[in-house]
Amino acid sequence: MHLDHSHHGPAAVSADAHRPDGTRRALRIGLGGPVGSGKTATVAALCRQLRDELSLAVVTNDIYTREDAEFLLREAVLPPERITAVETGACPHTAIRDDISANLEAVEDLEETVGPLDLILVESGGDNLTATFSKGLVDAQIFVIDVAGGDDIPRKGGPGVTTADLLIVNKTDLAPYVGSDLARMAADAKAQRAELPVILQSLRGDSGVTEVAAWVRERLTAWTS
Amino acid sequence: MTHAALLVLADGRFPAGGHAHSGGAEAAVKAGRISCAADLEDFCRGRLHTAGLVAGALAAAAALGLDPRELDAAADARTPSPALRLAARRLGRQLLRAARASWPCPELDGIARSFPKGAHQPVVLGLAARAAGLGPAEAAYCALYESVSGPATATVRLLSLDPFDATGVLARLAPELDAVARTAVDAAGRAAAEGLQALPAASGPLLEIMAEAHASWPARLFAS
Ligand SMILES: Nc1nc2c(ncn2[C@@H]2O[C@H](COP(=O)(O)OP(=O)(O)O)[C@@H](O)[C@H]2O)c(=O)[nH]1
Ligand SMILES: [Mg+2]
């Protein structure tokens, strides 16, 4: 049924994992989590690590400005035509979960203008702990929290912390200053998430985003195989 | 003919991108023209009789089966602001995606092929209504209701306006909306018989001017 769309025009919805020519479309990974936890910084670091080996693009969902997109542009992590900002009408979670149409337009436009792409990162506008991405928009999601937001967040759980394909506990370098107990955060996260992976990282440290980049590469290998 | 499909199409949660647009309310709030429920009512009434009427007639005409290309050109001619044209085409493309998923049919597939960058939203709305088994009156109602419910919802977010007051505004406008819907459907019927010049060309100049300014703001909550 998906073999030939040519009689029907472009696909109506794009959860479809294949392009019209039968090849697999870009893997889409969503990054969600509270404001300031380090989503944009993680996206920027991932772009720097992966851009030489993969064809990449980014969609940002800012709440009321284009700051995330502009940060990525200023940092020159990707050429400008590979970064698109989606406006979300004061409701960032709506745009990634309940009405994903603007984000789907953005990823499809990127595929069309700079594709073929291997990977598209979709950053959500910072939101609360219940915000998750629709499966119609992304193939996997990363939830980013930080040690400064309170070390009880993993224990409190919520859909992001509990169900995301990867949980990042960011800014571990700040733990001593804010009195966060990293071992406790790791143990609580493990209890909430069972077998789902958790990565504690500091983007200020030497290894930076390396572990997360390795996870992304694994997902990509699974996607294309 | 089904009536229940109208509820699906007119539902504010129908995933067609409307939630990110304020129908000019964000610009009007910033300019101080909307600061309470009474202002919102005036704003919505103005929109209903101008942009709303035009959208309603276009949607009804598309639901009647008039040529979508010509209707899209007629919508362009009635939308001076380039920013509003762009927003209408984006929303049209988003609506087409949701409509094709909801009521798949060759006619909507054809529209996707002919308008890769999207057709004006009211035209797509009429075609979606047609695909859903609805008639021109339902299409007009849908377009007219969206023309006022969008600003009302946005104002609740922008001003923290009491949501009961905002809903009261919509309820009070309902009889007027009935009357405008009749005008829109009549115009669409005449357009079918006499040509598209019979479609209304009412315009709210301030909506168009403010839309241009709004599109250039560096920080805003809504896309239009
Ligand atoms: N100390 C420290 N600061 C970080 C780290 N990651 C991000 N930041 C800073 O945290 C702030 C918010 O990061 P940002 O990526 O914009 O957060 P977002 O709102 O989730 O996108 C910025 O000032 C970043 O430079 C980290 O690992 N350690
Ligand atoms: Mg950010």
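Residues numbered from 1 in each chain as written. Chains lettered and ligands numbered in written order. Predicted model: local features only at pLDDT ≥ 70, side-chain atom pairs only at ≥ 80, totals over all residues. Heavy atoms only, no water.

A. Here's a closer look at the sheet that holds strand β6 (residues 166–170) of chain A. Residue and element names in this part refer to chain A. Taken in spatial order, the seven strands line up as β3-β2-β4-β1-β5-β6-β7 in an open sheet, and their pairing is parallel. Each edge of the open sheet is held by one strand with a lone partner, namely β3 (83–85) and β7 (198–200). Shown here is a sheet whose adjacent strand axes are inclined to one another by a mean of 20°, direction ignored. Bridge analysis of strand β1 (residues 27–32) against strand β4 (residues 119–123) gives five bridges, and the strand direction is parallel. Bridging across to β4, Ile29 finds its partner in Leu121. (Pairing = 2+ DSSP bridges. Helix = DSSP H or I, 4+ residues; strand = E, 2+ residues; numbered from the N terminus. Axes fitted to C-alpha atoms, helices over the stretch in contact; angles between N-to-C directions.)

B. A look at the confidence of the model for chain A. Looking at chain A, pLDDT values average 89 and 93% of them are 70 or higher. Counting contacts from residues 1–9 of chain A, a segment whose pLDDT is below 50, to residues more than four positions away or on other chains yields 13 contacts. (pLDDT = per-residue confidence, 0-100. Contact = heavy atoms within 4.5 Å.)

C. Structural view of the site of ligand 1. Residue and element names in this part refer to chain A. Near ligand 1 there are 16 residues, and of these Gly36, Lys39, Ala41, Asp173 and Leu203 occur at the shortest range. Asp173 is positioned such that a nitrogen or oxygen atom in its side chain is 2.7 Å from a nitrogen atom of ligand 1. Computed on the free molecule, ligand 1 has an accessible area of 580 Å², of which 74% lies beneath the protein chains in the complex. Element by element, the count of residues in the shell around ligand 1 is highest for helix α1 (residues 39–50), at three residues. Of the residues that constitute the shell around ligand 1, the class distribution is five nonpolar, six polar and five charged. (Near = heavy atom within 4 Å. Polar contact = N/O pair within 3.5 Å; in protein donor to acceptor, adjacent residues only side chain to side chain. Areas by Shrake-Rupley, 256 points an atom, 1.4 Å probe, with all protein chains shown as cover. Nonpolar A, V, L, I, M, F, W, Y, C, P; charged D, E, K, R; others polar.)

D. Region of the structure containing the coordination of the magnesium ion (ligand 2). Residue and element names in this part refer to chain A. Protein ligation of the magnesium ion (ligand 2) involves Thr40 (OG1), Asp68 (OD) and Glu123 (OE), the donor distances falling in the range 2.1 to 2.5 Å. Mapped onto the sequence, the residues coordinating the magnesium ion (ligand 2) show the spacing T-x27-D-x54-E. One end of the pair, Thr40, is in helix α1; the other, Asp68, is in helix α2 (residues 67–74), and 28 residues separate them in sequence. Thr40 sits in the buried class, given a relative accessible area of 11%. (Donors = N, O, S within 2.8 Å, 3.2 Å for Na, K, Ca; no water. Buried < 20%, exposed > 50% of the residue type's maximum accessible area, 1.4 Å probe, protein only.)

E. View of the UniProt feature "binding site: GTP" (unreviewed entry) in chain A. Residues and elements named next belong to chain A. Sites flagged by UniProt as "binding site: GTP" (unreviewed entry) map to Gly33, Pro34, Val35, Gly36, Ser37, Gly38, Lys39 and Thr40. One can find Gly33 in the loop between β1 and α1. Looking at Gly33, the relative accessible area reads 4%, which means it is buried. Sequence-distant contacts of Thr40, that is, excluding residues within four places in its chain, are made with Asp68, Phe71, Leu72 and Glu123. (UniProt positions renumbered as here; feature names shortened; annotations may be inferred.)

F. A look at the nonpolar core. Residues and elements named next belong to chain B. With 71 residues, the main nonpolar core has Leu9, Leu40, Leu71 and Leu199 as its most contacted residues. Counting residues per element, this core draws most heavily on helix α3 (residues 37–64), which supplies 15 residues. Setting aside its immediate chain neighbours within four residues, Leu71 contacts Leu58, Ala61, Ala62, Leu66, Val123, Leu196 and Leu199. (Core = buried A, V, L, I, M, F, W, Y, C linked by side-chain atoms within 4.5 Å.)

G. Inspection of the pairing of strand β2 (residues 56–60) of chain A at higher detail. Residue and element names in this part refer to chain A. With five of its five residues buried, β2 lies for the most part within the structure. With five bridges joining them, β2 and β4 adopt parallel strand pairing. Its bridge partner lying in β4, Ala57 is registered against Ile120. With three bridges connecting them, β2 and β3 associate as parallel partners. For Thr60, the partnering residue across the bridge sits in β3 and is Ala85. A crossover connection joins β2 to the parallel β3 through α2; in handedness this β-α-β unit is right-handed. (Right-handed = clockwise from strand over helix to strand, strands pointing away.)

H. Representation of the packing of aromatic side chains within the structure. Taken as a whole and judged by the stated rule, the model has one aromatic pair over all chains. Here B:Phe14 and B:Trp103 contribute two aromatic rings whose centre-to-centre distance is 5.9 Å and whose plane-to-plane angle is 25°, an arrangement assigned as stacked. Linking B:Phe14 in the loop between α1 (4–10) and α2 (25–30) with B:Trp103 in the loop between α5 (82–102) and α6 (106–114), this pair joins segments that are 89 residues apart in sequence. An identical accessibility class is assigned to B:Phe14 and B:Trp103; each is buried. Of note, A:Arg24 hangs over the ring of A:Trp223, and the distance from its end group to the ring centre comes to 4.0 Å. (Phe/Tyr/Trp six-rings, centres within 6.5 Å; stacked < 30°, edge-to-face > 60°. Lys NZ or Arg CZ within 6 Å of the ring centre and 35° of its normal.)

I. Inspection of unusual backbone geometry at higher detail. Residue and element names in this part refer to chain A. With an omega of 0°, the peptide bond between Gly115 and Pro116 qualifies as cis. Structurally, the position occupied by Pro116 is in the loop between α4 (101–114) and β4. We note that Ala76 has phi near 50°; this positive angle belongs to a residue other than glycine. Positioned with a positive phi, Ala194 is a non-glycine residue whose angle comes to about 50°. By secondary structure assignment, the location of Ala194 is in the loop between α8 (182–193) and β7.

J. Representation of the state of the cysteines in the model. Residue and element names in this part refer to chain B. Throughout the structure, instances matching the rule amount to zero disulfides over all chains. Here Cys36 is not cross-linked by a disulfide; its sulfur's nearest cysteine counterpart is in Cys44, at 12 Å. Under the relative-accessibility criterion, Cys44 is labelled buried at 0%. (Disulfide = S-S within 2.5 Å.)

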